[in-house]
Amino acid sequence: MKLPFYFSIDLEDQVYDIGRAIGNPDPEIREEALFKSYDRFRFLSDKYLNSRKITFFTTGVLARNCPDLIKKIHKDGHEIACHYNFHDHIHLSNREDFARNLDEAIESIENVIGERPIGFRAPSFSIEPENIWAYEELAKRFVYDSSYRTSNPMKLKNRQFKFNGDKLYEFYIYENPVLFKTFKMKSGGTFFRLFSASYTLDTMKKSYELGHVPLIYMHPYELTLNKDFWIPWHEYRFLSFFKRIYKWSRQTQWSHLGHGGVERKLEIISNSFEHKGPMKLLTECRNKS
């Protein structure tokens with residue numbers, strides 16, 4: 001029997017996010033590339049995910065700039081969850097700014113799809129364990145979160161965070177210690193692209209054995225095959241020369257390394273694991289248990 005897993009997309013525009021981060025006052029939105037990425041996802045979903053719906057963790061800025069894409073994804077029956085307002089690291093923020101950006105993101109998403117998102121994932125899983133204030137704010141607004149990184153076994157009582165009467169289901173991101181526990185591997189993103197399928201399978205199986213929900217997460221720029229999110233040299237002009245070289249060359253990691261192997265890895269994983277649907281279904285399972 002196949003083990004369960006959940007596939008999700010962190011729906012963001014890497015080109016816009018990098019442009020904003022390096023000081024571009026008018027960062028570009030690659031809407032055409034985002035639509036192409038979604039078409040690629042649907043192809044892979046039909047072949048390896050039983051055509052079941054998934055969760056798209058969407059940034060508020062993308063909902064405001066690409067409402068047609070978000071509407072299409074929602075109309076196709078997928079879950080639209082929240083991926084913060086901008087793709088900012090939350091541990092560098094504070095409670096007040098975090099709450100304000102959460103509300104803006106929720107409003108932006110609700111304005112597009114007509115309903116409030118019930119799930120959240122932090123950009124780059126950037127909530128540290130000591131950032132209790134962040135989880136308190138999440139519990140006021142969402143039913144579940146999928147930001148907390150851990151290598152520890154799941155304990156039944158830890159499936160929910162509770163803050164002054166507010167409850168928040170937590171679907172942990174399992175980090176698999178490898179190489180004599182000097183390196184922690186996740187089952188998604190760069191790890192999925194650059195490492196062999198056997199590493200991902202091992203991480204997912206350990207996640208399941210320790211009581212976690214095996215998760216695979218990917219991004220739009222990881223699904224396309226033609227460097228659709230590549231940023232040309234001149235667009236790094238806002239940086240100093242050496243930072244410009246570093247940022248321009250570093251994007252090779254996310255722009256096209258390992259993209260050609262994604263389909264084969266999904267095929268291998270689908271032989272052992274079965275995608276179960278959008279992550280909001282997990283909260284229904286928890287309520288029944």
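To be clear, the structure that these remarks concern was listed above.
A few points on the structure. Just so you know, these numbers come straight off a predicted model, no measurement behind them. All residue numbers refer to position in the chain's written sequence, counted from 1. The model is predicted, so local features are restricted to residues of pLDDT at least 70 and side-chain atom pairs to those at 80 or more, both for listing and for counting; the totals for chains, interfaces and linings are taken over all residues. Based on all heavy atoms of the structure, the side-chain values leave hydrogens and waters out of the count.

## Quick notes on the overall build of the protein
In terms of regular secondary structure, the protein is built from twelve helices and 13 strands. Only C-alpha atoms enter the radius of gyration; for comparison, a globular chain is expected to reach 2.2 Å times N to the power 0.38, where N is the number of residues. Taking 289 residues into account, the globule formula puts the C-alpha radius of gyration at 19 Å, and the protein, at 18 Å, falls close to it. Overall, the protein is about 55 × 45 × 40 Å in size when its C-alpha atoms are taken along their principal axes. Each of the 289 residues in the protein was classed as buried or not, and the buried ones make up 53%. The contacts of the protein with a sequence gap of at least 6 include a subset with a gap of at least 24, amounting to 75%. To measure how exposed things are, a 1.4 Å probe is used in the Shrake-Rupley method; for residues, cover is taken only from the protein chains shown. Surface summary for the protein: the accessible area is close to 13500 Å², and the carbon and sulfur share equals 50%. All tallies of charge rest on Lys and Arg as positive and Asp and Glu as negative; His and the ends of each chain are not included. Taken as the charge location is NZ of Lys, CZ of Arg, CG of Asp or CD of Glu. The protein carries 43 positive and 38 negative side-chain charges, and their two centres are separated by 6 Å. Think of it this way: any DSSP run of H or I at least four residues long counts as a helix, any run of E at least two long counts as a strand, and we number them from the N terminus. With a 1.4 Å probe rolled over the protein chains alone, any residue whose accessible area is under 20% of its type maximum counts as buried; one over 50% counts as exposed, and the rest are partly exposed. The contact rule is simple, with two residues in contact once any of their heavy atoms fall within 4.5 Å.

## What about the packing of helix α5 (residues 95–113) against helix α6 (residues 132–141)?
When two helices pack together, their arrangement is captured by the angle between the axes and the distance separating the axes. Axis lines are fitted through C-alpha atoms, for helices just across the contact stretch, and the angle between N-to-C directions can take any value from 0 to 180 degrees. At a closest axis distance of 10 Å, the pairing of α5 and α6 adopts a crossing angle of 30 degrees. In terms of their interaxial angle, α5 and α6 are classed as roughly parallel. Crossing handedness for the pair α5 and α6: right-handed. Residue-level inspection shows Arg95, Phe98, Ala99, Leu102, Asp103 and Ile106 of α5 in contact with α6, the latter providing Trp133, Ala134, Glu136, Glu137, Leu138, Lys140 and Arg141. Side-chain classes are defined by residue name, with Ala, Val, Leu, Ile, Met, Phe, Trp, Tyr, Cys and Pro counting as nonpolar, Asp, Glu, Lys and Arg as charged, and the others, Gly among them, as polar. Across the contact of α5 with α6, the residue classes break down as seven nonpolar, no polar and six charged. Between 65 and 115 degrees an angle is taken as roughly perpendicular, under 35 as roughly parallel, over 145 as roughly antiparallel, and anywhere else as oblique. In this scheme, a crossing is called left-handed if the near helix is turned counterclockwise away from the far one by less than a right angle; it is called right-handed if the turn is clockwise.

## Details of the pairing of strand β8 (residues 166–170)
For strand β5 (residues 144–145) and β8, the ladder comprises two bridges, and the chain directions are parallel. By the bridge assignment, Asp145 is partnered in β8 with Glu170. The hairpin turn running from strand β7 (residues 160–163) into β8, its antiparallel successor, is two residues long, and Asn164 in that turn takes a positive phi close to 50 degrees. Whether two strands pair comes down to DSSP finding at least two bridges between them.

## A look at the pairing of strand β1 (residues 3–11)
Of all nine residues making up β1, seven are buried, and the element is well covered by its neighbours. Of the pairings in the sheet, the one linking β1 to strand β13 (residues 273–275) comprises three bridges and is parallel in character. What sits directly across from Pro4, in β13, is Glu274. Sheet topology places β1 next to strand β12 (residues 215–218); four bridges connect them, and they run parallel. In the sheet register, Ser8 faces β12, and the bridge partner there is Tyr217. As paired elements, β1 and strand β2 (residues 55–58) share four bridges and run parallel to each other. For Ser8, the partnering residue across the bridge sits in β2 and is Thr55.

## Remarks on the state of the cysteines
Any pair of cysteine sulfurs within 2.5 Å is marked as a disulfide. The final tally for this structure, using the stated rule, is zero disulfides. Looking at Cys66, it has no disulfide partner, and the nearest cysteine sulfur is the one in Cys82, 16 Å off. Among the residues examined, Cys66 registers a relative accessible area of 0% and is labelled buried.

## Some remarks on the nonpolar core
Most often, soluble globular proteins have nonpolar side chains that are buried together. Counting 63 residues, the largest nonpolar core has Phe7, Phe56, Ile90, Phe98, Phe120 and Leu138 as the members making the most contacts within it. Put simply, buried Ala, Val, Leu, Ile, Met, Phe, Trp, Tyr and Cys residues joined by side-chain atoms within 4.5 Å make one nonpolar core. The next biggest cluster of nonpolar side chains, apart from the first, holds 15 residues, and it includes Phe57, Phe125, Tyr144 and Tyr169.

## Focus on the environment of Phe183
Summarising the element assignment, Phe183 is placed in strand β11 (residues 183–185). Owing to a relative accessible area of 30%, Phe183 belongs among the partly exposed residues under this scheme. Among residues more than four places away in sequence, those in contact with Phe183 are Asn176, Pro177, Val178, Phe191 and Phe195.

## A look at the pattern of salt bridges
The term salt bridge refers to a side-chain nitrogen of Lys or Arg lying within 4 Å of a carboxyl oxygen of Asp or Glu. A full pass over the atoms with the stated rule returns 22 salt bridges. Here Asp88 ties to Arg20 by a salt bridge, and the two come within 2.7 Å at their closest N and O atoms. Of this pair, Asp88 sits in the loop between β3 (79–82) and α5 while Arg20 sits in helix α1 (residues 14–21), placing them 68 residues apart in sequence. For Asp88, a relative accessible area of 26% puts it in the partly exposed group. Judged by relative accessible area, which is 33%, Arg20 ranks as partly exposed. In this structure, Glu222 and Arg193 form a salt bridge, with 2.8 Å as the shortest nitrogen-oxygen distance.

Functional significance is not addressed by these values, which are geometric in nature.
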